[in-house]
Every structure is written in structure tokens, then in C-alpha cells.
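Summary of structural features
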Amino acid sequence: MMVAIDDSNHSYYALEWALDYFFPPFAPNHTFQLVLIHARPNPPSLLGLSGAGQGSAGSAHVINLVELDTKKRAQKVADKATSICAKREVNDMPVHVMQGDPRNVMTEAVERFHPTILVLGSHGYGAVKRAVLGSVSDYSAHHCSCTVMIVKMPKSKH
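We now turn to the structure provided with this report. (Residues numbered from 1 in each chain as written. Predicted model: local features only at pLDDT ≥ 70, side-chain atom pairs only at ≥ 80, totals over all residues. Heavy atoms only, no water.)

**Considering the packing of helix α4 (residues 102-113) against helix α6 (residues 136-143)**
The following threshold applies: Lines fitted to the C-alpha atoms define the axes, with helices restricted to the stretch that makes contact. Angles between their N-to-C directions range from 0 to 180 degrees. Strands are runs of DSSP state E lasting at least 2 residues, helices are runs of H or I lasting at least 4, and numbering of each runs from the N terminus. By definition, any crossing whose near helix is turned counterclockwise from its far helix by less than a right angle is left-handed, and any crossing with a clockwise turn is right-handed. Residue contacts follow a heavy-atom distance rule, with two residues in contact if any of their heavy atoms lie within 4.5 Å. In the scheme used here, Gly and all other residues not listed as nonpolar or charged are polar, with Ala, Val, Leu, Ile, Met, Phe, Trp, Tyr, Cys and Pro taken as nonpolar and Asp, Glu, Lys and Arg as charged.
It is the contact of α4 with α6, at a shortest axis distance of 9 Å, that shows an interaxial angle of 35°. Read as a crossing pair, α4 and α6 show a hand that is right-handed. The residues of α6 that touch α4, namely those facing P102, R103, N104, M106 and T107, are V136, Y139, S140 and H143. The class makeup of the residues in the contact of α4 with α6 is four nonpolar, four polar and one charged.

Shown next, in the form of C-alpha cells:
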């Protein structure tokens, strides 16, 4: 089982949900092996750089700073997810950080690790925001070669 994590309450809720339902503490021999996956964005895409002007020393410095920041954020996400798992006595799961657009990272990770199920949190975007930003869960449901489970956080927990 692969669970996609990012730095959102929605993804941490999906991880907790998967742990509660598939990794109960009273059943030490779990059916699934847990793998956590985090998509770390490319610095140029965060900055909106397309190719023009990337050769300057100033933009290279900014890209390096953004690269360091995304690595720190990815480590923070991995640490928090590991802590959530440890509280539920699930300690033997790898955390993979892959760089790129989350939609592509999820499909690549499924091809690489061959999970039976990919679990994603739903951010609950409306139709317009989903159309502009693109829905990782919708894309994954249509492009991944495994079952995709989209976990919605109850409205009372938003």
C-alpha cells in the first residue's frame, strides 16, 4: 500500500485513516507493506521560470535557495508522517521523496513500487480551483495502474 503525503492536514488524515483501517495494532501481521511517497516540486516550476533568464547568477542563487527550502520541507513532511506511523506502531515503512509534479510522481511511483492500493487525501477543491490547479487524486485515478483510494476529511475536521 502506498500513501501519498504532502504538508496538508488532508494527506495526514488519509495516512491516519489508512493506518487505522489497514494497520490495526491488534493485528501484528499486516496484509500490506506500507510505502510513503512525497512529491517535492522542482524549484524552477515554483518560481515560474521557463528557460529564459535561467542562466544568470541571480536566478541560479534563487533556485539553489528554493532547492534547499523544498528539501527541508520534504524532510519535515517525512518526519511528521514517520511520527504518525510510529504512534500506531508501524515503523518499517520506507519514505520516498521524488522530485516533480505530484501527478507525474504518483504515476511513476506506482510503476516503480507496484502497490496494490494508492491512498491519497482529497483537498476538497471546488470545480474551478480543481480545473486550474489540477487534481492529483483525479489524475491518479485515471492514470495509475492500481486501485486508487481517495480519502476525504470529514467537514468537521477541516
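**So, the packing of aromatic side chains**
Defined as follows: Side-chain rings of Phe, Tyr and Trp (the six-membered ring for Trp) are treated as a pair once their centres are within 6.5 Å; stacked means planes under 30 degrees apart, edge-to-face means over 60, and tilted covers the remaining angles. Summary of the burial criterion: residues with accessible area below 20% of their type's maximum are buried, those above 50% are exposed, and those between are partly exposed, where the area comes from a 1.4 Å probe applied to protein chains only.
Applying the stated rule across the entire model yields three aromatic pairs. A centroid spacing of 5.4 Å and a plane angle of 85° characterise the contact between F22 and F32, whose relative ring orientation is edge-to-face. Placement of F22 in helix α1 (residues 9-22) and of F32 in the loop between α1 and β2 (35-40) is noted, with a sequence separation of 10 residues between them. F22 sits in the partly exposed class, given a relative accessible area of 23%.

**Description of the nonpolar core**
Quick note on the threshold: By nonpolar core we mean a set of buried residues, namely Ala, Val, Leu, Ile, Met, Phe, Trp, Tyr and Cys, connected to one another through side-chain atoms within 4.5 Å.
If you look at the biggest cluster of nonpolar residues, it comprises 23 residues, and the most contacted ones within it are M1, V3, L15, L34 and L36. Breaking this core down by element, the ones donating at least two residues are α1, α3 (57-87) and β4 (117-122). Here this core gets six residues from one element, more than from any other, and that element is α1. When sequence neighbours within four positions are dropped, the list of residues in contact with L36 reads V3, I5, L15, A81, C85, M93, P94, V95 and H96. Core analysis: the second largest hydrophobic core is formed by 14 residues, M2, A4, I37 and C144 among them.

**Concerning unusual backbone geometry**
Phi angles above zero are rare outside glycine, and E89 is one such case at about 60°. Within the secondary structure layout, E89 lies in the loop between α3 and β3 (95-99). Judged by its relative accessible area of 60%, E89 is exposed. Notably, H114 is not glycine yet its phi reads approximately 55°, a positive angle. Along the chain, H114 falls in the loop between α4 and β4.

**Notes on the pattern of salt bridges**
Operational definition: Here a salt bridge means any side-chain nitrogen of Lys or Arg lying within 4 Å of a carboxyl oxygen belonging to Asp or Glu.
For the structure on display, the rule yields six salt bridges. Note that D20 and R88 form a salt bridge whose closest N and O atoms lie 2.9 Å from each other. Remark: R88 occurs in the loop between α3 and β3 and D20 occurs in helix α1; sequence separation between them is 68 residues. Judged by its relative accessible area of 25%, R88 falls in the partly exposed class. In this structure, the salt-bridge partner of R40 is E67, at a minimum N-O distance of 3.1 Å.

None of this, on its own, says anything about what the molecule does.
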